[in-house]
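Analysis of the macromolecular model
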Amino acid sequence: MKRNKLLVIALTLAAIISPLRFWGQNLDYNTFINRVMQHNLDYAAAKLDLPVSQADLSEAKKLYSDPTLSAEYGNNSDWDIAMGQSLSFELSKTISLGKRAARIEVARHNLDASDAGLRLFAFTLRAEASLAYADALLARDLANIGLQNAQNMQSLYLSDSLRHASGELSEIDVMQTHLEANIAKQDYLSLMVDYRNALVQLDLLMGNTSIATQNVSGDLTTPLRSYNLDHLLHYADSLRLDIAQQRHLALASQSELTQIRRDRLPDIDLALGVNYNTRVRNEEAPAPEFVGYTLGVSIPLPFSNLNRSDIRAGQFRAQQANIQTDIVRQQARAEIIKAYNNYRSALDRLSEYKSVILTNARQVLAGKMYAYKRGETSLLEVINAQHTYNELQQSYAECMHECMTAWIELERSAGTGNITFE
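Rules used in this analysis
Residues numbered from 1 in each chain as written. Predicted model: local features only at pLDDT ≥ 70, side-chain atom pairs only at ≥ 80, totals over all residues. Heavy atoms only, no water. Helix = DSSP H or I, 4+ residues; strand = E, 2+ residues; numbered from the N terminus. Buried < 20%, exposed > 50% of the residue type's maximum accessible area, 1.4 Å probe, protein only. Salt bridge = Lys/Arg side-chain N within 4 Å of Asp/Glu carboxyl O. Core = buried A, V, L, I, M, F, W, Y, C linked by side-chain atoms within 4.5 Å. Contact = heavy atoms within 4.5 Å. Arc of directions from axis to C-beta. Polar contact = N/O pair within 3.5 Å; in protein donor to acceptor, adjacent residues only side chain to side chain. 1 Å grid on protein atoms, 1.4 Å probe; cavity = no way out; pocket = protein on both sides within 12 Å on 5 of 7 lines; lining within 4 Å. Points joined across faces, edges and corners; volume = space filled by probe spheres on them. Nonpolar A, V, L, I, M, F, W, Y, C, P; charged D, E, K, R; others polar.

Focus: the environment of His39
Mapped onto the fold, His39 is located in helix H2 (residues 29-39). The partly exposed category is assigned to His39, whose relative accessible area is 42%. On a C-alpha basis, the gap between His39 and Leu205 in space is 8.2 Å, while along the polypeptide they are 166 residues apart.

Put into structure tokens, the structure is as follows:
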């Protein structure tokens, strides 16, 4: 009776753990990245900034001062003395000196900055998506390690239950094994939650409206690439999109200063008029019918230009933009150096985790379990060996993940964008 009860408990534990294996269609990295770049909502919103800048440039090119047509009718309203009537037309236009060209230049630099900003957004999004995918791979591997541990402890508990039923093992030892199996199961369930949450983040990046991804494919690997720090620093100015964006913004600030100066230039008004006068039949001052022409030029006197506060403000903004460009360059240099150091450090730590260490730990665990089943060692030694093996596996997976994330950060900081998973 006791043996049947123990078998039911063990089989129940197995039924709880087994259905939690991974299932569903795998999501590979290339498919994931393509969906992110096509359906990410933040990226879709960022794309709208470029048409706005394009529209601003188009408006600046087509923005002209419209000519003005005026008409005037004159009559002395004294019909008795027949002084005649007049009709005049005038066409006038305001001529701005260099203001349209300045507006176009500002709009063009803003468009270039928007284009660089959009490419920077896409580049950053790809890097962040790659980091999220690496996080999902780590969460999956840790969940697999937890599952293996839970299955090992479940198998050990089932074996101990049978040994207890045959009188080979005490009830206290079986209770201890049962406790360890339950702890392993709870650890596995917690790791599975972390993995599922990592998959939710992937769905969010892909713009999925519902939870769809069930598993990811691929492995945590170390990219076999070598880097020269001096070369990374040398080419950063031409590769980093944030530097390019800030450089265009600085040029836009300089163009805005030019626009301010040209806006202070007086506008010239040109006018061409035609006057038609009817015949004056008054006997005291008769006049024939005639057509007259007028040509006029109007130039305002810019006394208001004595106030130069707008020019000084524009100069300060241009200087500030140039300083900001230097700041971005310095930050880029610091990011590259730190990312390079982190990557080299991660590789050095990874070298400590040789496959022979995991192999030896696995062999020690198998030997301890075999000896325990033969009654040659204690349960505590088996549990310690299991914990050591699990910790080594987890540390190795985390170190591989650290190498991958450090490599992604190095690629992002250098601006190369050669991020892909094999």
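What to know about the pattern of salt bridges
Think of it this way: side chains of opposite charge can pair up when their charged atoms draw near. For the structure shown, the criterion picks out 12 salt bridges. Between Arg329 and Asp326 there is a salt bridge whose closest N-O contact spans 3.4 Å. Of this pair, Arg329 and Asp326 both sit in helix H9 (residues 309-350), three residues apart, which is roughly one turn of the helix. Residue classification places Arg329 among the partly exposed positions, given a relative accessible area of 31%. When its relative accessible area of 40% is taken as the criterion, Asp326 is described as partly exposed. One salt bridge in this structure joins Glu409 and Arg412, with 2.7 Å as the shortest N-O distance. Linking Glu409 with Arg412, this pair stays in helix H11 (residues 379-414), spanning three residues, or about one helical turn. Since its relative accessible area comes to 29%, Glu409 is described here as partly exposed. Through salt bridges with shared partners, a single ionic network connects Asp237, Arg247, Asp326 and Arg329.

Considering the nonpolar core
Formed by 80 residues in total, the largest nonpolar core has its most connected members in Phe32, Tyr133, Leu202, Val216 and Phe421. By residue number, the principal contributor to this core is helix H5 (residues 99-165), which donates 24 residues. Beyond its immediate chain neighbours, meaning those up to four positions away, Phe421 contacts Tyr29, Ser130, Tyr133, Ala134, Leu137, Met404, Trp407 and Ile408.

So, helix H7 (residues 229-239)
Listing the buried residues of H7 in full gives Leu232, Leu233 and Ala236. The arc enclosing the buried residues of H7, seen along the axis, measures out at 95°, which places them on a common side. Those residues of H7 that are exposed and aimed more than 90 degrees away from the buried face are Asp230, His234 and Ser238. Buried residues in H7 make contact with helix H8 (241-263), H9 and H11. Taking the backbone nitrogen of Asp230 as reference, a side-chain oxygen 3.0 Å away marks Asn228 as the first, capping residue of H7.

So, the layout of surface pockets
Of the voids in this model, the largest pocket is the one considered here, and its volume is about 270 Å³. Around the largest pocket, the lining is made up of 16 residues, and of these Arg240, Glu335, Glu409, Arg412 and Ser413 lie nearest the centre. Along the lines of polarity and charge, the residues of the lining of the largest pocket split into six nonpolar, four polar and six charged.

Remember that the coordinates give geometry; whether it matters functionally is a separate question.
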